[in-house]
Amino acid sequence: MNISTGRHYFPLYRKISTMDRNYEKICGARTIQSDKKGFFNKFYIETKQTCGEKWLQNCFGQSKSNQARILSMFNDPEICDTVLRILENVQPVYKQKDALFSAQNRMDAEKYYILSANTNKQENLAQALVFANLAVTRAPAKGVNKQIDGGFSLAMAFRTRAAILLAMDEGKVALSDLKLAASFGLDTHKNVDYYIQLAKAYELIDEMPRAEISLKIAEKFAGGKKHTIEVCREEWASKKSEKKQPKLKLIDKGPLLTNGENPDLKGASQLVKLVESKEKGRFIAAQNEVRTGDVILNEKPIAACLLPSFYGGFCCHCLEKLVTPVPCSNCSGLAFCSAQCMVEACKSYHRFECQFMDLFIGSGMSILCYIALRIFTQAPNVESALKTSDLLYKNLCTHEDSRQADDYLQRSLMAGFLMRCLQRAQYFGPRKTEGFIPTAIEIKVCTGLLGLLQVLQYNAHEIYQTVKSVDHIFDGSKIMYIGAGLYNTGAYFNHECWPTVARYFVGKNLILTATKPHHPNEVIAENYGPIFTKMNLKDRQRSLRGRYLFDCNCMACQENWPTLQKLDKQVRFWMQKVLYFVN
């Protein structure tokens, strides 16, 4: 894996005030635990009180490596008993399936579906889809609960939802649900209604040969029910002149890179290059002339995770908005947008994370902790994950020398908690004992997790979507943060309070588009949050120091540009040789 050296920050040589140091401490803590009500905060406080400030500063605080910190946490008598006692109690906690709940919601879905047929009201169909989604998400796998629906709750839920989707003219997802219903045990042998639904789905996506084949199979088994098939063919004939397009959009991977991809910078355009200077470290600059609107980055993340608060609204694999969720067969805590995303996730990382989803939420751990864990769970094997984590720690910014002992303790404890969850999920294979004492390979993984928790603090990107208002595509629109990711090339872009690129996301892909022309060798700058139009110089500098440990020296900071609210009402802008006055 080609991993960047990450965002480079100017070191702080001047004296930092106590207030700024406290702010820095608060910002650092939030990158580990986003919810102080979670049980991890109690774990951290209890451990810190047990070891005492003297041991924390003079022993643990003097550790020179992450491995030494992890070994100290598990072996030093001043702390290890408390750590082991708490971590030994880690157990799977997740939202399980409920066949009765699923069946009740399926019946509600069918009720609204019938109402929609009688009243021709779209709101009834929409309500039917809501109940059908709940039925699908909470239904157990085939044969798990034979007392309800004969053990076929999931197949029946998919079948019901497919009927609703056909009524909404959504052939693609209806077809997917019909196939899923069959794969989860729906009896399709001589099932006339099933093949009629299959034919309708194929017709909606304009695959008429397959639609005809499905209808002929239905006709073969129909017996005295051929009238329904004739009605179906009559409907097709009447709709030929007014073919409806599917309402649900396919996943888009974003715009093409201008001038193609740079072979040395994955996901970046050939218009840009990586340069290095003593003052700024490594950063992205223009290689050729860059025009406004040029797409200079379209990059997949090394790892990305959805915020738990959006598990019900977005796919946990590709981060696309959910319309017809496809669930994990074991848990009900999250969902995927398609069978493909579900299979990819469950064959990879989700099989290790599945039974601990509610435990993670209850711990209050931050989204960065999820990403650190994901780098291990998504890897093909432990050795590959360790290699990736080692490269990331070696090459990306960590500000190791600026960290305090209690910061290292908090991150070490979180690494231990995550490693214990991996242990319980049999990530390392079956254990001979239920005891927690880590093996040599588990110590390495815990050390890797500790390094990632430092890397992610300064290199991760928040992933957001722009929510448009009903009336206008721009007016009233707002940014909604739904997750976070770690991007290899994206980590090279340095910060300026007046950025020269616009950032947005397509699913998990990070897109950067130039907002101004750039000459060759000119810096291409991103913005890490504080922007001069909305935040004054003092607050911007405090935010950047606290969150990223550097002083910004961009033009907006050097010249102390005013915010939009402070602009003189008679400020003049030169645009295309025409003088405009802002009143």
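For every chain, the first residue of the written sequence is number 1, and numbering continues from 1 onward in sequence order. At least 70 in pLDDT is required for a residue's local features to be given in this predicted model, at least 80 for side-chain atom pairs to be given and counted, and no such filter applies to totals for whole chains, interfaces and linings, which use all residues. Note: side-chain values were computed over all heavy atoms of the structure, leaving out hydrogens and water.

The next point concerns the overall build of the chain. Helix and strand assignments follow DSSP, with helices taken as H or I runs no shorter than four residues and strands as E runs no shorter than two, numbered in order from the N terminus. Counting its regular elements, the chain contains 20 helices and 12 strands. Taken over 583 residues, the chain has a buried fraction of 50%. We call two residues in contact when some of their heavy atoms are within 4.5 Å. For the chain, long-range pairs separated by at least 24 residues make up 67% of all intrachain contacts whose partners lie at least 6 apart in sequence. When the accessible area of the chain is evaluated, it comes to approximately 29400 Å², of which 53% is carbon and sulfur surface. Burial status follows relative accessibility: with a 1.4 Å probe on protein chains alone, a residue under 20% of its type maximum counts as buried, one over 50% as exposed, and anything between as partly exposed. Surface accessibility in these figures is a Shrake-Rupley result with a 1.4 Å probe; residues are shielded only by whichever protein chains are displayed.

This paragraph deals with the environment of Ala162. Among the secondary structure elements, Ala162 is positioned in helix H7 (residues 153–167). Among residues more than four places away in sequence, those in contact with Ala162 are Ala174, Asp177 and Leu178.

Moving on to the packing of aromatic side chains. Centres within 6.5 Å are what make two rings of Phe, Tyr or Trp a pair, Trp counting through its six-membered ring; a difference in plane orientation under 30 degrees is then read as stacked, over 60 as edge-to-face, and the rest as tilted. Scanning all chains against the criterion turns up 20 aromatic pairs. With a centroid separation of 5.1 Å and an interplanar angle of 80°, the aromatic rings of Phe352 and Tyr427 are classed as edge-to-face. Placement of Phe352 in helix H13 (residues 350–353) and of Tyr427 in the loop between helix H17 (405–424) and helix H18 (440–459) is noted, with a sequence separation of 75 residues between them. A single burial state applies to Phe352 and to Tyr427, both of which are buried. Between the aromatic rings of Phe360 and Phe417, the centroid separation amounts to 6.5 Å while the plane-to-plane angle is 85°, which identifies the pairing as edge-to-face. Placement of Phe360 in helix H14 (residues 357–363) and of Phe417 in helix H17 is noted, with a sequence separation of 57 residues between them. We classify Phe360 as buried; its relative accessible area is 2%. A residue is classified by how much of its surface remains accessible, and Phe417, at 2% relative accessible area, is buried. These aromatic residues form a ring-pair network of at least three members: Phe39, Phe356, Phe360, Tyr370 and Phe417.

A word on the pattern of salt bridges. Every case where a carboxyl oxygen of Asp or Glu lies within 4 Å of a side-chain nitrogen of Lys or Arg is listed as a salt bridge. Inspection of every chain in the model, using the stated rule, returns 15 salt bridges. Where Asp407 meets Arg403, a salt bridge forms, and the shortest distance between an N and an O atom there is 3.0 Å. Arg403 sits in the buried class, given a relative accessible area of 11%. Connected through salt bridges with shared partners, the residues Lys25, Lys48 and Asp406 form a single ionic network.

Moving on, we get to the sheet that holds strand E4 (residues 303–306). A pair of strands is labelled paired if DSSP reports no fewer than 2 bridges between them. Strands sit in the order E4-E8-E7 across an open sheet of 3 strands; the sheet is antiparallel. For this open sheet the edge positions go to E4 and strand E7 (460–467), each flanked by a neighbour on one side alone. Sheet twist, expressed as the average angle between the axes of neighbouring strands with direction ignored, equals 35°. Working convention: axes come from line fits to C-alpha atoms, limited for helices to the stretch in contact. Angles between N-to-C directions cover 0 to 180 degrees. Contacts from H18 reach E7 and strand E8 (478–486) within the one sheet, and its direction differs from that of E7 by about 45°.

Two orientations exist for strands paired in a sheet by backbone hydrogen bonds: parallel and antiparallel. Spatially, E3-E10-E9 is the arrangement adopted by the 3 strands of the open sheet, whose pairing is antiparallel. On the outer flanks of this sheet lie strand E3 (295–299) and strand E9 (501–506), each paired with one strand and no other. The mean angle between the axes of side-by-side strands here comes to 15°, regardless of whether they run parallel or antiparallel. Strand direction decides the pairing type here: E9 and strand E10 (residues 509–514), joined by 6 bridges, are antiparallel. Bridge assignment links Arg503 to a residue of E10, and that residue is Leu512.

Attention now goes to the state of the cysteines. By definition, disulfides here are pairs of cysteine sulfur atoms that lie within 2.5 Å. Counted according to the given criterion, the structure contains 0 disulfides. Between Cys59, a free cysteine, and Cys51, which holds the nearest cysteine sulfur, the sulfur-to-sulfur gap is 9.5 Å.

Moving on: helix H19 (residues 537–548). A rise of 1.5 Å per residue sets the reference length of H19, with its 12 residues, at 16 Å; its end C-alpha atoms lie 16 Å apart and thus fit the reference within 8%. Taken residue by residue, H19 has Arg540, Gln541, Ser543, Leu544, Arg545, Gly546 and Tyr548 as its buried positions. The backbone nitrogen of Lys538 has a side-chain oxygen 3.3 Å away, supplied by the residue at the start of H19, namely Asn536. Immediately beyond the C-terminal end of H19, within one or two residues, lies Leu549, with a positive phi of roughly 60°. What a helix should span is 1.5 Å times the count of its residues minus one. For the purposes of these results, a polar contact is taken to be a pair of N or O atoms within 3.5 Å, where, inside protein, one atom must be able to donate a hydrogen and its partner to accept one; residues adjacent in sequence count only when each atom of the pair is a side-chain atom.

Moving on, we get to the pairing of strand E1 (residues 272–277). Note: E1 against strand E2 (residues 281–286), 6 bridges, orientation antiparallel. Considered in E2, the bridge of Ser277 is made with Gly281. Counting the residues in the hairpin turn of E1 and E2 gives 3 residues.

A few words on the UniProt feature "domain: MYND-type" (unreviewed entry) in the chain. UniProt positions are given in the numbering used here, feature names are shortened, and annotations may be inferred rather than shown by experiment. When the UniProt feature table is mapped to this numbering, "domain: MYND-type" (unreviewed entry) covers residues 315–354. Annotated as 32% helix and 10% strand, the span residues 315–354 places its first and last C-alpha atoms 15 Å apart.

Another point: unusual backbone geometry. With phi around 70°, Asn259 is a residue other than glycine that occupies positive phi space. Along the chain, Asn259 turns up in the loop between helix H11 (226–239) and E1. Taking relative accessible area as the criterion, Asn259 reaches 52% and is therefore assigned exposed. One non-glycine residue, Leu319, lies in the positive phi region at around 70°. On the secondary structure map, Leu319 appears in the loop between E4 and strand E5 (326–327).

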